[in-house]
Amino acid sequence: MPNRIPESIIQSVKANTLFLSLLKSYGIKTSKKGNSYMAVCPFHNDSQASLSIDRKQNLFHCLGCDAAGNVIQFVERLENISFPKAVDRLLALSRSPGMGERRLAQQGPKGAELDAKRNGNPRIAAVDAAISSEKEKEEEKPVEISTEERNALFLHIVNQSVEDLRNSEPGRTYLEKRGLEPLRLLESYTVGFHSGSSFDKLADTERAKLETVGLIRDGRSLFDGCIVFLLVKDGRITTIYGRKAVSGNGSHYLLPCKREGLYLPTAGLNPQKPVVITWSIIDGLSLFAAGITNVLPLLGVNGFLPDHLAYLLEQSFPKIFIALNGDDAGNRAAAALKQNLAGNNLTAQIIELPAGEDINCHAAGGGQENQARRYRLR
Ligand SMILES: [Zn+2]
């Protein structure tokens, strides 16, 4: 296939985009294990940190689903975009604060050394030139966006998605397959299906704003074909979480911004009743469907955020149950969470699920009464 990107640029992007910074830019946390860094794999339903990063070779490999490759392949796959677009995306990232500049700053004297190498290297000069011409293009039309505007945009997208969920087939089918009744969910939760169609008629200025907040990438909606969930904090929408529902494998999407906020029913939780903490939003909604409505979902691995703790402390529920996945990783995470809560004077009880099951597959397997009985909290 003809490729319009010079090989020198491709090589430079591969060598100069550090995996750890790249993961950070997607809000994916890493932790050091021995000589490598591990992260939660975004390519499969990862209940433990299976994604291994080889910093020396700047490559990734998932021990769970065997996904592997370099930075460009990572972006291609994560965002479901073409190779040239992934390269463009990495070039754009390299000029965003926190990527290129921070990398050099962090490396101190080594950074200076690298700088010197960069200065004398015609290939890298070509990349720099490409980046600065991109920069100039961007500087022609700076898009500033206020918190209120950002909030309003998110709200608009979500409202449109709720309509799409009500009126279109694919989103509803996905939820039904997972044992969830969309229309019943909508009575209590903000959940939608994003068909992306509403983006077609946007004016350029509106489109630019959506690009600024990360909702549009490469001309396409990030959440195209996703079930979307809205996370909020103090009445502000913090981020949108999406789960691919069509032509996908249930991949997860999160806006490239700080992970904060909670996914709660619109009426909030009842502080008089016990609360159940689940691994994921889908798991939380499965419990809701089974009649257990006081549910606080996490965002998967490393998904217990300071906001969750603050909320639990503030609400002082009479009892806290932890119901994560029924595998080793889930059990370990549950024990760690229980300990974390205990350190904050919160007593929690772990609900063990049958081995190898998560709440959604467990709940989707039985009738509603059956589910309610299975999850009766003692
Ligand atoms: Zn994986």
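Residues numbered from 1 in each chain as written. Predicted model: local features only at pLDDT ≥ 70, side-chain atom pairs only at ≥ 80, totals over all residues.

Helix and strand counts for the protein stand at 16 helices and 15 strands. A buried classification covers 35% of the 378 residues belonging to the protein. The contacts of the protein with a sequence gap of at least 6 include a subset with a gap of at least 24, amounting to 60%. (Helix = DSSP H or I, 4+ residues; strand = E, 2+ residues; numbered from the N terminus. Buried ≥ 20, exposed ≤ 12 C-beta atoms within 10 Å, placed from the backbone. Contact = placed C-beta atoms within 7 Å.)

With that settled, the discussion passes to the sheet that holds strand E2 (residues 36-39). Read from one edge to the other, the open sheet built from five strands follows the order E1-E2-E3-E4-E5, with strand pairing classed as antiparallel. With one partner strand each, in any of the chains shown, strand E1 (30-33) and strand E5 (68-69) form the two edges of the open sheet. Where strand E4 (residues 59-62) lies against E5, two bridges are found, and the strand directions are antiparallel. Considered in E5, the bridge of phenylalanine 60 is made with glycine 69. (Pairing = 2+ DSSP bridges.)

With that settled, the discussion passes to the environment of alanine 335. Relative to the assigned elements, alanine 335 resides in helix H14 (residues 328-342). Given 13 C-beta atoms within a 10 Å radius, alanine 335 is considered partly exposed. Taking the C-alpha atoms as reference points, alanine 335 and alanine 348, 13 residues apart in sequence, are found 9.8 Å from one another.

A separate point is the packing of helix H3 (residues 71-79) against helix H4 (residues 83-94). Remark: H3 packs on H4, axes separated minimally by 9 Å, with the N-to-C direction vectors making an angle of 110°. With respect to their mutual orientation, H3 and H4 come out roughly perpendicular. Of H4, the residues touching H3 (which contributes Val71, Ile72, Val75, Glu76 and Glu79) are Phe83, Ala86, Val87, Arg89 and Leu90. Classifying every residue of the contact of H3 with H4 gives seven nonpolar, no polar and three charged. (Axes fitted to C-alpha atoms, helices over the stretch in contact; angles between N-to-C directions. Parallel < 35°, antiparallel > 145°, perpendicular 65-115°, else oblique. Nonpolar A, V, L, I, M, F, W, Y, C, P; charged D, E, K, R; others polar.)

Spatially, four strands are ordered E6-E9-E10-E11 in an open sheet, and the strand pairing comes out antiparallel. Strand pairing shows two members of the sheet lacking a second neighbour, strand E6 (191-194) and strand E11 (252-254), which therefore form its edges. Pairwise comparison of adjacent strand axes, ignoring direction, gives a mean angle of 30° for this sheet. By the bridge criterion, four bridges tie E6 to strand E9 (residues 226-233) in an arrangement that is antiparallel. Opposite histidine 194, over in E9, you have cysteine 226 as the bridge partner.

This part takes up the pairing of E4. Looking at chain direction, strand E3 (residues 51-54) and E4 are connected through four bridges and run antiparallel. By the bridge assignment for E4, aspartate 54 is matched with leucine 59. As consecutive antiparallel partners, E3 and E4 are separated by four residues, and within that stretch asparagine 58 has a phi angle of approximately 55°, a positive value. Following E4, the chain reverses through five residues before pairing antiparallel with E5; aspartate 66 in that reversal takes a positive phi of roughly 70°.

Side chains that are nonpolar tend, in soluble globular proteins, to be buried together. In this structure, Ile227, Phe229, Val276 and Ile277 are the most contacted members of the largest nonpolar core, which totals 60 residues. Sequence-distant contacts of isoleucine 277, that is, excluding residues within four places in its chain, are made with Leu296, Leu298, Ile320, Phe321, Ile322 and Ala323. Within the second largest apolar cluster, 25 residues are counted, among which are Leu22, Leu23, Ala39 and Leu78. (Core = buried A, V, L, I, M, F, W, Y, C linked by C-beta atoms within 7 Å.)

By themselves, these are just geometric observations and shouldn't be taken as functional.
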